[in-house]
Amino acid sequence: MGVGMTVVEMVGAGPGRDGVRAIVGAPGEAVIALDFDGTLAPIVADPGAARAHPGVVGVLRGLAPVVGAVVVVTGRPAGLAVEFGGLEEVPGVVVLGHYGAERWEGGVVTAPGVHPGVEGARAALPGVLARVGAPEGTWVEDKGRSVAVHTRRTAAPEEALEALRAPVGELAREYGLVVEPGRLVLEVRPPGVDKGAALTGFLRERGARAVLYAGDDLGDVAAFAAVEELRKEGLKGVLVCAGAVGDAPVRELAERADVVVAGPEGVVGLLGALGEEIRGR
């Protein structure tokens, strides 16, 4: 963010500018909604080692008392996002985990039962990977309500991902599941659950008049689309793409975003500036 540049100036013309003005003008009617991995926490080879950027808790603690709500919408289990982000220190924060299938609020996780197909897919996945000759470095993350196949540790991650896309998709269909692609990962999860539905439900629940949503990956496309649809109903929205440092941002997000920032550090800077403008109005 440029020296002396306001958030409105950073976002530029278009609906994003209206969104920023709405948030600053009536922050109590606004929701700050954020992805976790790649947006609040840098992407790392081992998802279990991910931790939020050191500025995240401070900037969210500053925003939480002055906006309608702060919500984190993530594909991770809600409790893990809270733990890895230190989010229990942010007053009133809500975490929607597993693309909205879980909700953490006030230290309590609520969720429906696990889709019956997940257990079958979990058991069958190692055999599928062995049969198709998945390259060394391919590994499976068990997320409880879903399973994810990662290729980041392989010698040719992009090629490995493409080679596994069809067999993993076939496995998902066999068990009544769907595949959510991401950065060097294919996640097998229940259908009908995505960040767009989770975000829309939360915004309606809170009666929000404005929202800022920040994300970095293909899983965030549904949330971007939800904000775009809600704009047609009068909601003011700001779409932020968090491009990974040293890596090109996801093209579809970058093209649809009102502003692209440099990973979690850029998100922290943007949110910090927004908080200052709200408190200084």
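Now for a description of the structure that goes with this document. If you're wondering where the values come from, they're calculated on a predicted model, not measured in any experiment.

Right, let's talk about helix H5 (residues 116–131) for a bit. End to end, H5 covers 24 Å across 16 residues, agreeing with the expected 22 Å (1.5 Å per residue, within 8%). In H5, a bend of some 40 degrees at Ala124 exceeds every other bend along the element, and Pro126, a proline, comes one to four places later. Taken together, the buried positions of H5 are occupied by Gly117, Val118, Gly120, Ala121, Leu125, Val128 and Leu129. On its buried face, H5 sits against strand S6 (139–142), strand S7 (147–150), helix H6 (157–174) and strand S9 (185–189). Once H5 ends, the next one or two residues include Gly133, with phi positive near 70 degrees.

For the rest of this paragraph, the subject is the environment of Gly144. Secondary-structure assignment places Gly144 in the loop between S6 and S7. Owing to a relative accessible area of 35%, Gly144 belongs among the partly exposed residues under this scheme. With 30 residues separating them along the chain, Gly144 and Val114 place their C-alpha atoms 8.0 Å apart. The residues touching Gly144, leaving out its near neighbours within four places in the chain, are Val114, Val118 and Arg122.

Summed over all chains, the structure comprises 19 salt bridges. Note that Asp142 and Arg122 form a salt bridge whose closest N and O atoms lie 2.9 Å from each other. Of this pair, Asp142 sits in strand S6 while Arg122 sits in helix H5, and the two are 20 residues apart along the sequence. Judged by relative accessible area, which is 47%, Asp142 ranks as partly exposed.

The next thing to look at is the packing of helix H7 (residues 195–206) against helix H8 (residues 221–231). What describes two packed helices is the angle between their axes and the distance between those same axes. The N-to-C vectors of H7 and H8 enclose an angle of 45 degrees; their axes lie 7 Å apart at closest approach. Here H8 runs oblique to H7, going by the angle between their axes. In the crossing of H7 with H8, the sense of the turn from one axis to the other is right-handed. For the pair H7 and H8, the contacting residues are Lys195, Gly196, Leu199, Thr200, Leu203 and Arg204 in the first and Ala222, Ala223, Ala226, Val227 and Leu230 in the second. Class assignment for the residues of the contact of H7 with H8 results in 7 nonpolar, 2 polar and 2 charged.

Attention shifts here to the sheet that holds strand S8 (residues 178–182). Ordered in space as S6-S7-S9-S8, the 4 strands form an open sheet in which the pairing is antiparallel. One side of each edge strand has no neighbouring strand; the edge strands of this open sheet are S6 and S8. The average angle at which neighbouring strand axes cross in this sheet is 25 degrees, direction not considered. Pairing geometry for S6 and S7, over 4 bridges, is antiparallel. Of the residues in S7, the one forming a bridge with Val140 is Val149.

The rules we used
- Residues numbered from 1 in each chain as written.
- Predicted model: local features only at pLDDT ≥ 70, side-chain atom pairs only at ≥ 80, totals over all residues.
- Heavy atoms only, no water.
- Helix = DSSP H or I, 4+ residues; strand = E, 2+ residues; numbered from the N terminus.
- Expected span 1.5 Å × (residues − 1).
- Bend = angle between axes of the 7 residues up to and from the residue.
- Buried < 20%, exposed > 50% of the residue type's maximum accessible area, 1.4 Å probe, protein only.
- Contact = heavy atoms within 4.5 Å.
- Salt bridge = Lys/Arg side-chain N within 4 Å of Asp/Glu carboxyl O.
- Axes fitted to C-alpha atoms, helices over the stretch in contact; angles between N-to-C directions.
- Parallel < 35°, antiparallel > 145°, perpendicular 65-115°, else oblique.
- Left-handed = near helix turned anticlockwise from the far one by under 90°.
- Nonpolar A, V, L, I, M, F, W, Y, C, P; charged D, E, K, R; others polar.
- Pairing = 2+ DSSP bridges.

Spatial relationships are all this shows, so hold off on functional conclusions.
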